[in-house]
Amino acid sequence: MGDYRLVALDMDGTLLNDRIEISKENEKAIHDALDAGVIVCFSTGRGVQNVLPFAAQLQLDTPMITVNGGEVWRKPHVLHRRSTLNPADIERMHRIALEHPEVWYWAYSVEGLYNKEKWFDPEEGYDSRHWLKFGYHTEHEPTLTRIREELAGWGSLEITNSSPLNLEINPKGVTKASGLRELCALLGLDMSQVVAVGDSLNDIAAIREAGLGVAMGNAQEAVKAAADVVTLTNEEDGVAHVIREYVLKG
């Protein structure tokens, strides 16, 4: 066994294949790690409502990091900490989205998930919700660049992505890495004992700070550049490969 005690897994493009499934191979490797006393946790941009079914499938009772570090869970359904966005910033981000008809947008709040087709009633006031994350998606790259530059100018936001076609916005300083630091404090571990695996810009901070930072074979180039090692793709059970090669072999 290596010195790695915690494996933090991104979900989309990492643990999940392109059909949004956990392969049998990945599932088996995760259970082998758990049996060896290693903690395996999700570290994802997804909101908790889109994570719990997978935790149930794997029968995981371990901590979770959701909405890019916006929520840290001691275990499913047991919240440890939550970081929210300023409601006024959400209102401004929504206004920017409306200026670009080609953009799909969404927002996670504690109270629910909203998007371009189903936005909440502004009459209720933006401060009637606890906002966790805002997202933009478009295939028109100049629009994404323009929005990113405008938001970066505010100085109060953490701007990443979960695919080259989107932007994901959290409060400044809230990342999967901040979530992992929080979990390590909770579990009495050091970041050097963490393996972080991912494929997108929202994984870079965690990949840089973990003892072993792993980029998927299908990861964005910037993520591969930041990682210690590059594994197989999400279609080739890259997660199982990481667990077997670096965690269980050791």
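As the structure is a prediction and not an experimental result, all values here were calculated from the model.

The next subject is the overall build of the protein chain. Within the protein chain, the secondary structure is distributed over eight helices and 13 strands. The C-alpha extent of the protein chain, read off along each of the three principal axes, is 55 × 35 × 30 Å. Classification of the 250 residues of the protein chain by burial places 54% in the buried group. Intrachain contacts of the protein chain at a sequence separation of at least 6 include 55% that bridge at least 24 residues. Within the structure as shown, the protein chain displays about 10,700 Å² of accessible surface, and the carbon and sulfur contribution to it stands at 49%.

A sheet is described by the order of its strands in space; here eight strands give the open sequence β5-β4-β3-β2-β1-β11-β12-β13, paired in mixed fashion. A single partner strand is all that each edge strand has here, and the edge strands are β5 (78-82) and β13 (229-230). Examined bridge by bridge, strand β1 (residues 6-9) and strand β2 (residues 39-43) share four bridges and lie parallel to one another. Note that in β2 the partner of Leu9 across the bridge is Phe42.

So, how was this worked out
Residues numbered from 1 in each chain as written. Predicted model: local features only at pLDDT ≥ 70, side-chain atom pairs only at ≥ 80, totals over all residues. Heavy atoms only, no water. Helix = DSSP H or I, 4+ residues; strand = E, 2+ residues; numbered from the N terminus. Buried < 20%, exposed > 50% of the residue type's maximum accessible area, 1.4 Å probe, protein only. Contact = heavy atoms within 4.5 Å. Areas by Shrake-Rupley, 256 points an atom, 1.4 Å probe, with all protein chains shown as cover. Pairing = 2+ DSSP bridges.

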